[in-house]
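Chain by chain, the residues run as shown.
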Amino acid sequence: MEKQMPYSTVLRPIALLTDFGHTDAFVGVLKGVILSIHPEARIVDLCHGVSHQDIGHGAHLLDISLDYFPRGTIFCAVVDPGVGTNRRAVLVETRDYFLVGPDNGVLWPAASGNNIRRVIHLTRSRYFLARVSATFHGRDIFAPVAAHLSAGIDPGAFGPEVSDLTRFAFPEPEPFENGLILSIRHIDTFGNIGLNLTLEQFMPFAEQGFVMRINQTTINRHYDTYAAAPDKTFFVIGDSAGFVEIAVKKGHAASQLDIDKQDTGVTVTIEPCSDFKKG
Amino acid sequence: MEKQMPYSTVLRPIALLTDFGHTDAFVGVLKGVILSIHPEARIVDLCHGVSHQDIGHGAHLLDISLDYFPRGTIFCAVVDPGVGTNRRAVLVETRDYFLVGPDNGVLWPAASGNNIRRVIHLTRSRYFLARVSATFHGRDIFAPVAAHLSAGIDPGAFGPEVSDLTRFAFPEPEPFENGLILSIRHIDTFGNIGLNLTLEQFMPFAEQGFVMRINQTTINRHYDTYAAAPDKTFFVIGDSAGFVEIAVKKGHAASQLDIDKQDTGVTVTIEPCSDFKKG
Amino acid sequence: MEKQMPYSTVLRPIALLTDFGHTDAFVGVLKGVILSIHPEARIVDLCHGVSHQDIGHGAHLLDISLDYFPRGTIFCAVVDPGVGTNRRAVLVETRDYFLVGPDNGVLWPAASGNNIRRVIHLTRSRYFLARVSATFHGRDIFAPVAAHLSAGIDPGAFGPEVSDLTRFAFPEPEPFENGLILSIRHIDTFGNIGLNLTLEQFMPFAEQGFVMRINQTTINRHYDTYAAAPDKTFFVIGDSAGFVEIAVKKGHAASQLDIDKQDTGVTVTIEPCSDFKKG
């Protein structure tokens, strides 16, 4: 991505990522708060469809999206099951971006992948709404801080620098006989099942042929495009973020396999199998 | 909220509230109409997930969101089951805001809570689209008026001032033995069930201990934060708008209680009960 | 619509139409890409709820929305089942607008209705992202081209002019005894069933009285507004885009008739029947 633009406040759009959905006014209220503080703020919806209180899903979406935004973007990520407890509210400054949100791991993969410069503990209540509730820090703390930051307030003004940030690690593939045990990172709106297998990790399997098993279903086809695949058949494909996913053309892989996002009992494995080399 | 900004047209964002959902182009068309009239308009989505034709739901979302928007915001609220009848189209100017929409009650709670200055009956068709349909006044009347208003047209130009505005009252709690009969205001995306009980009205019950009954289920726990509550257990909590709601941590209260938004046969009561004081 | 505004780059909002839904970050990433290239771009969501990979649905929404946008708007339409194949990526310049997307028919009804001036085959990769994936040309090609175009790049810079554009025709009503066989264009969020019958084509039936049959259900009522119709009864009404739809007041016609968007086995007919003249 091009990042040659000068790094000034006019180039600090605010990108919102939440699990608030679209049937309530929560997201709208965040925007009202931001515009009340900084009427010229440029607000972008990154996504509000994070699975409810699913830190891993939020962390994943933030991580795969970050690089596509202009330098100076302020990401305000509100997936916050610990709201009202003593989990910290933080602002992370990285090489190219700012990330504002709860310190529960949701910021970690994106922040750590972009060189963390400093972590600020958000303590200066003069930058919060006057009344901070126990249940909606997105409105009362994170949106106000993002707005002030977009208006040019220095990151250091929001509180003291701290030396740590809560980590979140997606599970890595685990060895299994001569293959790997995989896990599901996310399921997208098309029903594609995103796995924790990078294209690089998949390469040797793709070259030798492979058998992937998900619950009782066996998959051994691999295509580079949806269009190349036959209809109504499970196959694996590289997704647009560099990972492998399970897909069905003119179908919905997740519902055909009876898998949903909350499902934790799914077993996915991949093993080499030279019977099924890519044709 | 800070409202110290000068009150000029550049500070008049247009906030859209509708029951149009996100699977059609209705909302997009509103925005196209607005930008056709005022290319510099600043459009914000407040919410498009109002339950279909549910004036009370729209009124509630508008009412709890208003104060978080900057002074001068134009709210364009289109929940309009009476479109095409002789219900009036109105513009309400309040102390801090403008509200545009059908005169069916949807504007009342928000407008009356912010000091109504004048109510304009929208009659000047020069500010509408050239062809006004019988089914989509959001596109043909309300969005155009909001756009012209954001561009600086004086409210008085849109039609004659009238002396009344259709009222809408949320039901108040009713006395019941030594407690109250409550009703459901709304159900949010997390499954939390919002009641018509303010935190102030709830205070004496919270202090003495209470039993709430919803259909056959009994609830006697009260927490200040979601995080403090045990998993998978019904409890009551103050919501971010000053009302009491029924929630379940790591659950979905409404579906677990088999209640949906349209449900009118639900009975909710609260009574004092000193057996269940907050621990 | 008013189109008197001068035709300059500041008046080129980018309107996004996709089948990406709202539960992933795909739409957010498109916006990040656009703002990375053109930080001042004015981005509008037309709709992201196109049925998955349904070119006809996308074409319909684009077609009925186009005219409501300001002159110079850049429509970026990404409904792209053939992504990664050799289907062309194109930019269509029409009398009033620019349309960017895959050349699979999705652009045709809107473009051909607004006088096509030239069709550019998008081949100049300097205007794409540096790495073009095989699965997400919305991000890698269409959004970048729309962004550069909004920043003032001349359409001719994106590739060679070509002489054809893939056509897409909605099915026309077919003769049937003394009436017509109709088909379903789309189902909206309210459950209204949009037919391929224009108000003009419906006029003689409306005047003489008619019987419409959809699967086993008979409909003979016609109202000009939802409000005029009785509750819970099927009727036909002109929609806001000039077509006829089947509706139920305080109901959801599609689910009551057990019809969904993917359903292809539905039979709809209309015949004159003087027993049922409009009252």
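Look a little higher up for the structure.
Here we summarise the structure given alongside this text.

**Structural notes on the overall build of chain A**
Phase 1: When its secondary structure is counted, chain A shows 6 helices and 16 strands.
Phase 2: Taken over C-alpha atoms, the radius of gyration comes to 21 Å for chain A, in line with the 19 Å a tight globule of 279 residues would show.
Phase 3: The principal-axis extents of the C-alpha atoms in chain A amount to approximately 65 × 40 × 35 Å.
Phase 4: Counting only contacts in chain A whose residues sit at least 6 apart along the sequence, the fraction spanning at least 24 positions is 66%.

**Details of the interface of chain B and chain A**
Phase 1: Each partner contributes residues to the interface: chain B has 33 residues there, and chain A has 30 residues.
Phase 2: Summed over both sides, the interface of chain B with chain A buries roughly 2,600 Å², with 62% coming from carbon and sulfur.
Phase 3: For the pair chain B and chain A, the interface holds 1 salt bridge.
Phase 4: B:Arg42 is the partner of A:Glu40 in a salt bridge, and the nearest nitrogen-oxygen pair spans 3.2 Å.
Phase 5: Scanning the region where chain B abuts chain A turns up 9 residue pairs in polar contact (both at pLDDT 80 or more).
Phase 6: Per element, the largest residue contribution to the side of chain B that touches chain A is 4 residues, and it comes from strand 2 (residues 43–47) of chain B.
Phase 7: In terms of residue class, the side of chain B that touches chain A is built from 16 nonpolar, 10 polar and 7 charged.

**Some details on the relation of the copies chain A and chain C**
Phase 1: Of the transformation placing chain A onto chain C, the axial shift is 0.0 Å and the rotation is 120°, giving an RMSD of 0.0 Å. What the superposition gives is, in effect, a three-fold axis relating one chain to the other. For chain A, the residue whose C-alpha comes nearest the rotation axis is A:His22, separated from it by 5.0 Å.
Phase 2: When the interface residues of chain A are mapped onto chain C, a mere 3% of them again fall at the interface, so the copies present different faces.

**Comments concerning the sheet that holds strand 4 (residues 89–94) of chain C**
Residue and element names in this part refer to chain C.
Phase 1: With mixed pairing, 7 strands are arranged side by side in an open sheet as 2-1-3-5-4-6-7. Every interior strand has two partners, whereas the edge strands, strand 2 (43–47) and strand 7 (161–162), have only one.
Phase 2: The pairing of strand 1 (residues 14–18) with strand 3 (residues 74–78) spans 5 bridges and is classified as parallel. Its bridge partner lying in strand 3, alanine 15 is registered against phenylalanine 75.

**Regarding the relation of the copies chain B and chain A**
Phase 1: Of the transformation placing chain B onto chain A, the axial shift is 0.0 Å and the rotation is 120°, giving an RMSD of 0.0 Å.
Phase 2: By residue overlap, the copies meet through two different surfaces: only 3% of the interface positions of chain B are interface positions in chain A.

**Comments concerning the interface of chain A and chain C**
Phase 1: Listed by partner, the interface residues are 33 residues for chain A and 31 residues for chain C.
Phase 2: For the pair chain A and chain C, the two sides together bury roughly 2,600 Å², of which 62% comes from carbon and sulfur.
Phase 3: In this structure, the connection of chain A to chain C is made through 1 salt bridge.
Phase 4: Inspection of the chain A/chain C interface yields 9 residue pairs in polar contact (both at pLDDT 80 or more).
Phase 5: For the side of chain A that touches chain C, the secondary-structure elements that each account for two or more residues are strand 2 (43–47), helix 2 (55–65), strand 10 (184–187) and strand 14 (234–238) of chain A.
Phase 6: Taken together, the residues of the side of chain A that touches chain C break down into 16 nonpolar, 10 polar and 7 charged.

**A word on the sheet that holds strand 14 (residues 234–238) of chain B**
All names here are of chain B.
Phase 1: Taking strand neighbours across the sheet as the criterion, the 4 strands line up as 10-11-15-14 in an open arrangement whose pairing is antiparallel. A strand with exactly one partner marks an edge of an open sheet, and here the two such strands are strand 10 (184–187) and strand 14. Adjacent strand axes in the sheet meet at a mean angle of 30° when their direction is disregarded.
Phase 2: Alignment of strand 14 against strand 15 (residues 243–248), held across 5 bridges, turns out to be antiparallel. Each residue of the ladder has a partner; that of phenylalanine 235, found in strand 15, is alanine 247.
Phase 3: Here helix 5 (residues 199–208) sits on the sheet and contacts strand 11 (193–198), strand 14 and strand 15; the angle it forms with strand 11, its principal contact strand, is near 85°.

**Here's the deal with the nonpolar core**
Phase 1: By size, the foremost hydrophobic cluster in this structure holds 62 residues, and its most contacted members are B:Leu122, C:Leu62, C:Phe75 and C:Leu99.
Phase 2: With 8 residues, the top contributor of residues to this core is helix 1 (residues 26–37) of chain B.
Phase 3: Discounting chain neighbours no more than four positions away, the residues touching B:Leu122 are B:Ala89, B:Val90, B:Leu91, B:Val100, B:Phe128, B:Ile141, B:Phe142, B:Val145 and B:Phe158.

Reading the values: the criteria
Residues numbered from 1 in each chain as written. Chains lettered and ligands numbered in written order. Predicted model: local features only at pLDDT ≥ 70, side-chain atom pairs only at ≥ 80, totals over all residues. Heavy atoms only, no water. Helix = DSSP H or I, 4+ residues; strand = E, 2+ residues; numbered from the N terminus. Rg over C-alpha atoms; globule rule 2.2 N^0.38 Å. Contact = heavy atoms within 4.5 Å. Buried area = accessible area lost by both parts, 1.4 Å probe. Salt bridge = Lys/Arg side-chain N within 4 Å of Asp/Glu carboxyl O. Polar contact = N/O pair within 3.5 Å; in protein donor to acceptor, adjacent residues only side chain to side chain. Nonpolar A, V, L, I, M, F, W, Y, C, P; charged D, E, K, R; others polar. Least-squares fit on C-alpha atoms with pLDDT ≥ 70 in both. Pairing = 2+ DSSP bridges. Axes fitted to C-alpha atoms, helices over the stretch in contact; angles between N-to-C directions. Core = buried A, V, L, I, M, F, W, Y, C linked by side-chain atoms within 4.5 Å. Buried < 20%, exposed > 50% of the residue type's maximum accessible area, 1.4 Å probe, protein only.

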